[in-house]
Amino acid sequence: NAGVTQTPKFRILKIGQSMTLQCAQDMNHNYMYWYRQDPGMGLKLIYYSVGAGITDKGEVPNGYNVSRSTTEDFPLRLELAAPSQTSVYFCASSYSASGSGENIQYFGAGTRLSVL
Amino acid sequence: AQSVTQLDSHVSVSEGTPVLLRCNYSSSYSPSLFWYVQHPNKGLQLLLKYTSAATLVKGINGFEAEFKKSETSFHLTKPSAHMSDAAEYFCVVSSGNTGKLIFGQGTTLQVKP
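Remember, it's a predicted structure, so these values are computed and weren't measured experimentally.

Analysis parameters
Residues numbered from 1 in each chain as written. Chains lettered and ligands numbered in written order. Predicted model: local features only at pLDDT ≥ 70, side-chain atom pairs only at ≥ 80, totals over all residues. Heavy atoms only, no water. Helix = DSSP H or I, 4+ residues; strand = E, 2+ residues; numbered from the N terminus. Rg over C-alpha atoms; globule rule 2.2 N^0.38 Å. Buried < 20%, exposed > 50% of the residue type's maximum accessible area, 1.4 Å probe, protein only. Pairing = 2+ DSSP bridges. Phe/Tyr/Trp six-rings, centres within 6.5 Å; stacked < 30°, edge-to-face > 60°. Lys NZ or Arg CZ within 6 Å of the ring centre and 35° of its normal. Axes fitted to C-alpha atoms, helices over the stretch in contact; angles between N-to-C directions. Core = buried A, V, L, I, M, F, W, Y, C linked by side-chain atoms within 4.5 Å. Contact = heavy atoms within 4.5 Å. Buried area = accessible area lost by both parts, 1.4 Å probe. Salt bridge = Lys/Arg side-chain N within 4 Å of Asp/Glu carboxyl O. 1 Å grid on protein atoms, 1.4 Å probe; cavity = no way out; pocket = protein on both sides within 12 Å on 5 of 7 lines; lining within 4 Å. Points joined across faces, edges and corners; volume = space filled by probe spheres on them.

Glancing now at the overall build of chain A. Along its length, chain A carries zero helices and 11 strands. Secondary structure elements of chain A occur, N-terminal to C-terminal, as β-β-β-β-β-β-β-β-β-β-β. Taking 116 residues into account, the globule formula puts the C-alpha radius of gyration at 13 Å, and chain A, at 14 Å, falls close to it. Overall size of chain A, expressed as C-alpha extent along the three principal axes, is 45 × 30 × 30 Å. Put simply, chain A has 116 residues, and 47% of those count as buried.

Shown next as structure tokens:
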């Protein structure tokens, strides 16, 4: 019963470094999402995907890139890390986005990233 | 456009007393609304959801919420708080066909012995 798996759990980057946050789900969900959570705030959507090969920007996409080559995986790429990207990153997935009740998003445990 | 406002950033109750976490929403159409809970250093867990069926929604761990369209509210309640309820709670509205979630700022629930 893995659900949504994120790796790594923690990471410290230097300014200008790049890295990829991994996200995998084993529930055969079509929809996948990346959020960031800053201290004392709710989650903000970075990017989302409605299926393999399809991605779109969310509320705060600048400084990030994503790809969705398979249904299971949705990696998030930081090309030139900046201190403003220090945050906790959550990946989520859902079966659909409709109002049918199947649009429940399931979240991973998060990746805590510090950029120094 | 959809939005969510959680009216209290911090709520403190004594163990065994009722819990009320308040949430108002704004939506141009009939929304899907959720409450998620986040325990320290954990991911988010769904407590309950409203998707235009019964207006009183029962969730896990004894929580429930009532959708009131006339008041545009979706307050979360529990009759008797337990120490394990101490966590961050998020009221969330789903935005349209993409399923994008819009989060409130969160309410920290403290439960005192």
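Once you've had a look at it, read on.
This part takes up the pairing of strand S6 (residues 54-57) of chain A. Regular strands have side chains that alternate between both faces of the sheet. All names here are of chain A. Direction of pairing for strand S5 (residues 43-51) relative to S6: antiparallel, over a ladder of three bridges. Within S6, the residue paired with Tyr-47 across the bridge is Lys-57. Counting the residues that bridge the hairpin from S5 to S6 gives two residues, and of these Gly-53 lies at a positive phi of roughly 85 degrees.

Attention now goes to the packing of aromatic side chains. Taken as a whole and judged by the stated rule, the model has 14 aromatic pairs over all chains. Here the aromatic rings of Tyr-35 of chain A and Phe-103 of chain B are separated by 5.5 Å at their centres, their planes lie at 75 degrees, and the arrangement is edge-to-face. One end of the pair, Tyr-35 of chain A, is in strand S4 (residues 31-37); the other, Phe-103 of chain B, is in strand S11 (residues 100-103), on a second chain. With respect to burial, Tyr-35 of chain A and Phe-103 of chain B carry one shared label: buried. Centroid distance Phe-90 of chain B to Phe-103 of chain B: 6.0 Å. Interplanar angle 80 degrees. Geometry classified as edge-to-face. Placement of the pair is Phe-90 of chain B in strand S10 (residues 87-95) and Phe-103 of chain B in strand S11, with a sequence separation of 13 residues. We note that Phe-90 of chain B, like Phe-103 of chain B, is buried. Of the aromatic side chains, those joined through ring pairs into one cluster are Tyr-33, Tyr-35, Tyr-48 and Phe-107 of chain A together with Phe-34, Tyr-36, Phe-90 and Phe-103 of chain B. Over the aromatic face of Phe-74 of chain A sits the side chain of Arg-68 of chain A, whose NZ or CZ is 6.0 Å from the ring centroid.

Attention now goes to the sheet that holds strand S8 (residues 76-78) of chain A. Strand-to-strand pairing in sheets goes through backbone hydrogen bonds, with the strands running parallel or antiparallel. Residues and elements named next belong to chain A. Taken together, four strands build an open sheet; the order of strands is S1-S3-S8-S7 and the sheet is antiparallel. The open sheet terminates on both sides in strands that have one partner only, identified here as strand S1 (4-7) and strand S7 (64-66). Across the sheet, the mean angle from the axis of one strand to that of its neighbour is 20 degrees, orientation sign disregarded. Pairing of S7 with S8 involves three bridges; the strand directions are antiparallel.

Among the nonpolar cores identified, the biggest contains 26 residues, and Trp-35, Leu-48, Phe-74, Leu-76 and Tyr-89 of chain B are the most heavily contacted of them. Ranked by residue count, the leading element in this core is S10 of chain B, at four residues. Once residues within four sequence positions are removed from consideration, Leu-76 of chain B is found in contact with Val-19, Leu-20, Leu-21, Trp-35, Leu-47, Leu-48, Phe-63, Glu-64, Ala-65 and Tyr-89 of chain B. Core analysis: the second largest hydrophobic core is formed by 19 residues, Met-19, Leu-21, Phe-74 and Ala-81 of chain A among them.

Between chain A and chain B, the residue contacts involve 21 residues of the former and 22 residues of the latter. Summed over both sides, the interface between chain A and chain B buries roughly 1600 Å², with carbon and sulfur atoms accounting for 56% of that surface. Area buried by chain A at its contact with chain B is led by Leu-43, Ile-104 and Phe-107 of chain A, which between them contribute 26% of it. Here chain A and chain B share zero salt bridges between them.

Let us now look at the layout of surface pockets. Here the largest pocket defines a volume of roughly 430 Å³. Along the walls of the largest pocket sit 20 residues, with Gln-37, Val-88 and Arg-112 of chain A together with Gln-38 and Asn-41 of chain B positioned nearest its centre. Elements that contribute at least two residues to the lining of the largest pocket include exactly strand S9 (87-94) of chain A together with S10 of chain B. With three residues, the top contributor of residues to the lining of the largest pocket is S9 of chain A. Estimated volume of the second largest pocket: approximately 240 Å³. The wall of the second largest pocket is formed by 13 residues, among which Leu-43, Lys-44 and Glu-59 of chain A together with Ile-102 and Phe-103 of chain B lie closest to the centre. Put simply, the parts of the chain that give the lining of the second largest pocket at least two residues each are S5 of chain A together with S11 of chain B. If one sorts the elements of the lining of the second largest pocket by residue count, S11 of chain B sits on top with four residues.

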